[in-house]
Structure formats: C-alpha cells, structure tokens
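Close look at the chain arrangement
Given next are the chains, with one letter for each unit.
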Amino acid sequence: MKITLPGLRAYAGLLASLVSFRAAAADALPGSPNLRYYYPVPAANPPQTISVDVCVYGGTPGGVSAAVQAKRMGKTVALVVFRKHVGGMTSGGLTATDVGTQAAIGGFAREFYDRVGKLRGFRPSEAETAFRALLDEAGVKVHFEHRLAEVKKDGNRIAAITTENGNTFRAQMFVDATYEGDLFAKAGVSYHVGREGNAKYGETINGVQFHKGHNFTVPTDPYRVEGDPKSGLVWGISPEAPGKTGEPDKKVQAYNFRMFLSDAAERLPWPKPAGYERARYELSARYLNKNPKPPFQLHAGDCNNEGAFSTDNIGRNYEWPEANYETREKIFQDHVLYQQGLAWFAANDEAVPAATREKVRAWGLDPGEFPDTAGWPHELYIREGRRMISPYVMTEHDCMGHRKAEDSVGLASYNMDSHNCQRVVIDGKVRNEGDVQIRPPTPYPISYRSIVPAENECANLFVPVSLSASHIAYGSIRMEPVFMILGQSAGTAAALAIDAKTSVQKVDYGKLQERLLADKQVLVWKGKAPAEAAGKGAPAPLPGGGAVDEGTQ
C-alpha cells in the first residue's frame with residue numbers, strides 16, 4: 001500500500017481528533033450537561049394540535065415497532081418521545097440481548113435484528129441507526145423532547161394528550177410504550193407497583209425471595225465498626241426487617257446503566273464523579289478483600305451487574321415508577337454518581353486489592369458510543385415500573401405452562417428474572433434479597449387481553465411494555481425482543497380497531513391473528529422444550545423464611 005503525504009496528514013488529524021475527544025470526554029463525564037433524564041425544553045411557539053389515527057407515547061423498542069406497524073397498515077401515526085433518542089435500552093446499552101429461545105422471535109423484532117446483522121453483541125449506535133431507518137422508511141413522524149403533561153378523556157376513551165411544551169396530540173388510538181406506564185396511569189387505568197405476594201395469584205416465587213444469585217459468597221460484616229451493631233450500618237444496607245418468603249411489598253428491582261466498555265488504547269478512563277462519596281463503597285472494599293473479583297462485568301461491549309456489590313444501585317429506585325420528572329432526575333443522577341463512583345473506586349482506591357484494581361484499569365468506556373454523554377449510557381435501565389392490571393394478568397402459571405392464553409399476540413421465553421430488591425442484615429451478616437432466575441420449560445403465549453385495559457377504564461389504549469403481569473411473570477416478559485413483538489401486535493390491533501370502528505377490547509382476534517401470522521409473528525410454540533430452557537420449579541423454603549435456589553449463579 002502506498003502512503004501519500006495527504007494520507008499521512010489525514011491520519012495525523014484523525015489521531016489528534018481522537019485524543020482531543022478522549023480528553024474532552026474524560027473531563028465532561030462527571031458533569032456532562034447532556035447526561036440527564038429530565039431538563040427544561042422550550043415551549044412550542046405557537047402550540048400545535050397534531051391529529052393522527054394512532055399516537056404512540058414512548059420511544060422504546062415497543063414504541064418504535066407499534067408506530068412502524070400502524071403506519072405500514074395505512075394509518076397516520078405520531079411517535080412521541082421523551083428525550084432525543086429512540087430504541088430505549090436496545091440503543092441505550094443493552095446489546096447483549098436477553099433472548100431466551102431464538103426461534104420464538106418473529107415479525108418486526110426479527111426484521112430489526114436482521115437489519116442490525118446480529119442478535120447479540122451489536123453496538124448501541126447501530127441499533128439506533130436501524131430503528132431510525134425503519135421509522136424513516138415507514139414515514140413515521142417522530143416528535144422528540146415531548147413530555148406527557150395531561151391526558152384528556154371523553155368517557156372511557158382518551159381524546160388527546162398534551163405535552164409539557166404545550167403541543168396536543170389527538171388520535172383515535174393510543175399506545176403507552178413507556179417503561180414506567182406513564183400514559184395509562186394518567187388515563188386512570190389500574191396498575192400495581194412492587195411485588196405481589198405469592199397468595200395474590202397463587203404463585204410460588206413472587207414477593208420476598210432469598211436465593212443465592214448475585215449474593216455474598218463469604219460472610220461480610222454490615223456494621224460501621226465491624227462486629228458492633230450499635231455503630232450503625234454501612235451505606236447501602238437497609239435497617240428494615242427483610243420480610244418472609246412470599247410476602248408482598250412495594251420494593252422495585254434494582255436499576256443500573258449498561259456500560260459499553262473497551263480495553264483499546266483509546267478507551268476513556270473511568271471518571272471520578274463530582275460528589276464522589278467513598279463511604280458508599282466501604283461494603284465493597286470489605287467484600288473485595290475476601291472475594292477479589294472485579295465488581296462488574298469486564299469485557300468488550302455491553303457490561304452488566306455481576307455479583308453481590310455491583311452496578312445495581314439496590315434500594316435507591318423505589319420512588320421512580322410513580323415519581324414526577326424532577327424526582328426521577330434526582331434518582332437518575334444518584335445512579336450516575338453511584339455507578340461512576342463504583343468504577344473509579346474499583347480502579348483507584350488502595351483498599352481494593354492491587355490485582356483487582358489493575359484488571360479494572362485495563363478497561364474503560366468505548367469512545368465510539370454515546371458521544372452526546374461523553375461515553376456514558378444515556379438510558380437508565382428501568383427494569384420494572386408500573387404494571388397495568390387488566391382482566392388477564394400474566395403470572396407464573398403462564399410462564400411455567402400451567403395455563404395457556406388462547407389469544408396469543410407473541411411468545412416470551414426468558415427466565416423469570418428479577419434483580420435484587422433490597423440489601424439487609426440476617427444473623428449479623430449482609431445479604432441481598434430479591435434475585436430470582438427460574439426458567440420456563442418452553443416458550444409461552446402472551447395474551448392479547450394483557451396488553452389492553454379493562455374496557456370501562458379505557459377503550460382506545462394499548463400497553464405493550466408495562467403490560468398486565470405479576471412481578472415475577474413480568475421478569476420473564478420484560479425483554480427487549482418481546483417488547484418489539486408486543487408493540488407490533490399493538491400497532492396491528494390499533495389499525496384493525498380503527499377499521500372496525502370498535503374498542504380495543506372488541507377487536508376480532510381471528511383477523512388479528514391472521515394479520516400477525518402474515519407478518520411472520522410467532523404465536524404458538526410447536527417445538528420441543530429447548531435444552532437451554534429446561535426449567536425447574538420453585539426453590540425449597542428454608543427455616544426462618546428464606547429460600548435458596550441451588551441453580552442460580
């Protein structure tokens with residue numbers, strides 16, 4: 001290959017730009033002005049009223065698929081998005097896709113992954129590029145930085161929604177595609193936050209659960225002065241009683257950011273965030289000196305929570321589902337501070353074993369992703385918010401195949417997966433509570449009735465993301481491919497409801513099923529039990545109200 005002088009100059013300029021970006025990103029991370037959940041936006045001048053057939057609120061994968069599908073079926077569509085991005089967690093860092101059984105994924109979801117070129121391990125920017133292309137090709141108008149302020153109803157139907165900037169969206173059909181269920185809550189639809197008790201739906205792994213997954217593998221003292229309960233608890237441990245197995249509570253499984261990492265020379269170093277609090281990591285220091293494994297996943301690409309004290313900010317998100325936007329922003333920033341602080345602590349604090357520090361310092365943020373937020377993911381992983389309560393609630397019985405919905409609008413197949421909900425003291429030692437990993441024996445159908453409210457509450461609304469499910473069943477359903485599947489089904493049903501001039505509850509399921517199958521949705525599992533999904537039942541109870549699942553990590 002011949003190297004010319006202009007080529008050398010271009011290469012030198014590229015290197016200089018890369019170095020400059022790396023330095024600027026490292027400086028910007030602790031206080032990046034773009035790393036926000038909520039921020040002021042200008043008022044519309046003048047305010048507009050946008051009238052469409054279908055209004056989708058929420059830029060999650062479920063929102064994108066619902067909007068694209070309704071537009072492909074000849075309807076006018078508005079996709080209303082809270083911030084500047086589409087794709088939710090799929091473009092916000094979660095690219096090690098939680099698949100379950102690959103053959104259960106069809107329709108728009110399959111089309112999206114084919115567009116990206118792989119099912120797992122793609123880059124977040126590739127995902128957003130694919131989502132935007134699909135929206136552009138379908139001709140969907142996206143309204144960025146529109147935050148829901150008011151819902152206007154006419155009887156049992158939503159007439160319009162108004163956003164904070166003053167714009168109003170009128171539609172025949174609405175889709176709530178948010179992770180939190182913000183639209184259906186303002187529309188007066190019933191919902192639940194937290195964990196139901198086992199008794200509510202006759203389940204066995206709902207409510208308080210003590211399992212081995214992501215827990216302390218060696219005894220670790222919880223007190224500020226080790227061995228002295230009177231000294232108080234170190235940061236991050238709840239003083240509340242842990243509860244008994246199967247009891248209900250209002251606690252929500254932990255959130256985190258899915259960091260996209262690199263070990264390349266141009267990686268962005270771990271930032272020390274403004275407001276760093278060393279006391280937050282005292283428990284981690286104690287544990288790492290007994291179990292010196294890095295406190296989160298370290299590999300190229302999407303890195304998740306792993307182990308007893310990791311990126312999950314346990315117990316700091318309980319208010320999020322029902323909080324106003326300002327409170328959510330405070331919670332968001334607390335999660336930024338905690339997780340950036342944990343990474344800096346693990347790489348630099350002398351209380352961390354030297355070999356562990358060295359391993360963590362060998363990695364950093366990938367400079368090619370999230371440029372607007374200097375390499376840090378812009379999306380907080382809202383694993384669970386509100387969950388609608390409709391006439392059909394998906395439960396453990398559906399996941400385990402004890403009940404099968406006859407009005408399937410897609411399949412789910414992943415573990416009944418809950419991250420920890422609290423960190424407590426049991427017998428003088430620290431313990432995490434809430435992690436569950438129980439596999440369904442086969443892919444199972446999701447009921448159409450679980451994505452629509454009761455008709456008396458709302459007759460023109462679909463909820464494909466914060467659908468009607470118990471906490472533990474939602475843990476299996478809440479995977480990004482499934483949200484795309486359910487979003488497509490919602491968009492299809494919305495178009496059919498408009499054509500038939502009927503409510504969402506009275507859509508002809510035969511016609512819906514016919515169209516979904518034509519669009520290559522997978523509605524019934526006809527295969528054998530996948531070897532990787534061969535599940536087992538509920539964990540056996542232990543004395544004192546705990547339980548252990550011997551198969552979890």
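See the structure above.
This write-up is about the structure you can find in this document. (Residues numbered from 1 in each chain as written. Predicted model: local features only at pLDDT ≥ 70, side-chain atom pairs only at ≥ 80, totals over all residues. Heavy atoms only, no water.)

What follows concerns the packing of aromatic side chains. Within this structure, the stated rule accounts for 24 aromatic pairs. Ring geometry for Y37 against F82: centres 4.8 Å apart, planes inclined by 20 degrees, an arrangement best described as stacked. Taken together, the positions of Y37 in the loop between α1 (5-28) and β1 (49-57) and F82 in the loop between β2 (77-80) and α3 (107-116) put the pair 45 residues apart, joining distant regions of the chain. Neither Y37 nor F82 differs from the other in exposure class; each is buried. It is R147 that lies over the ring of Y39; its NZ or CZ is 4.5 Å from the centre. A cation over an aromatic ring shows up here: R147 above the ring of F82, its NZ or CZ 4.9 Å from the ring centre. (Phe/Tyr/Trp six-rings, centres within 6.5 Å; stacked < 30°, edge-to-face > 60°. Helix = DSSP H or I, 4+ residues; strand = E, 2+ residues; numbered from the N terminus. Buried < 20%, exposed > 50% of the residue type's maximum accessible area, 1.4 Å probe, protein only. Lys NZ or Arg CZ within 6 Å of the ring centre and 35° of its normal.)

What follows covers helix α4 (residues 124-138). With 15 residues, α4 should reach 21 Å at 1.5 Å per residue; the first-to-last C-alpha distance of 21 Å fits that figure. Every buried residue of α4 is accounted for by P124, A127, E128, A130, F131, L134, L135 and A138. Each buried residue of α4 sits inside an arc of 160 degrees when the element is viewed along its axis, so together they form one side. Across α4 from its buried face, at more than 90 degrees, point the exposed residues T129, D136 and E137. (Expected span 1.5 Å × (residues − 1). Arc of directions from axis to C-beta.)

We now examine the packing of α3 against α4. The contact between α3 and α4 brings their axes to 9 Å, and the two run at 120 degrees. Relative to α4, the element α3 is oriented oblique. Judged by the twist between their axes, the crossing of α3 over α4 is right-handed. Contacts between α3 and α4 involve F108, E111, F112, R115 and V116 on the former and, on the latter, E126, A127, A130, F131, A133, L134 and E137. When grouped by side-chain class, the residues that make up the contact of α3 with α4 number 8 nonpolar, no polar and 4 charged. (Axes fitted to C-alpha atoms, helices over the stretch in contact; angles between N-to-C directions. Parallel < 35°, antiparallel > 145°, perpendicular 65-115°, else oblique. Left-handed = near helix turned anticlockwise from the far one by under 90°. Contact = heavy atoms within 4.5 Å. Nonpolar A, V, L, I, M, F, W, Y, C, P; charged D, E, K, R; others polar.)

Let's shift gears to helix α12 (residues 480-500). With 21 residues, α12 extends 30 Å from end C-alpha to end C-alpha; this agrees with the ideal 30 Å at 1.5 Å per step. Most of α12 is tucked away, with 19 of its 21 residues classed as buried.

Axis separation between helix α8 (residues 325-348) and helix α9 (residues 354-361) bottoms out at 6 Å; the angle between their running directions is 125 degrees. Regarding the angle of α8 to α9, the classification is oblique. Between α8 and α9, the contacting residues are A343, A346, A347 and N348 on the first element and T356, R357, V360 and R361 on the second. By residue class, the composition of the contact of α8 with α9 is 4 nonpolar, 2 polar and 2 charged.

This part is about empty space enclosed by the protein. The final tally for this structure, using the stated rule, is 5 cavities of 30 Å³ or more. The wall of the largest cavity is formed by 24 residues, among which F82, R83, Y179, E180 and E379 lie closest to the centre. Here the residues of the lining of the largest cavity are counted per class, giving 11 nonpolar, 7 polar and 6 charged. The volume enclosed by the second largest cavity comes to roughly 70 Å³. Those elements that provide at least two residues to the lining of the second largest cavity are β14 (408-412) and α12. (1 Å grid on protein atoms, 1.4 Å probe; cavity = no way out; pocket = protein on both sides within 12 Å on 5 of 7 lines; lining within 4 Å. Points joined across faces, edges and corners; volume = space filled by probe spheres on them.)

Adjacent strands of a sheet pair through backbone hydrogen bonds, lying either parallel or antiparallel. Taken together, the 3 strands give an open sheet; going across it, the order is β11-β10-β12, and neighbouring strands pair in antiparallel fashion. Taken across any chain shown, the strands that pair with only one partner, and hence form the sheet edges, are β11 (301-303) and β12 (364-365). Sheet topology places strand β10 (residues 259-262) next to β11; 3 bridges connect them, and they run antiparallel. In the strand pairing of β11, F260 is matched with D302. (Pairing = 2+ DSSP bridges.)

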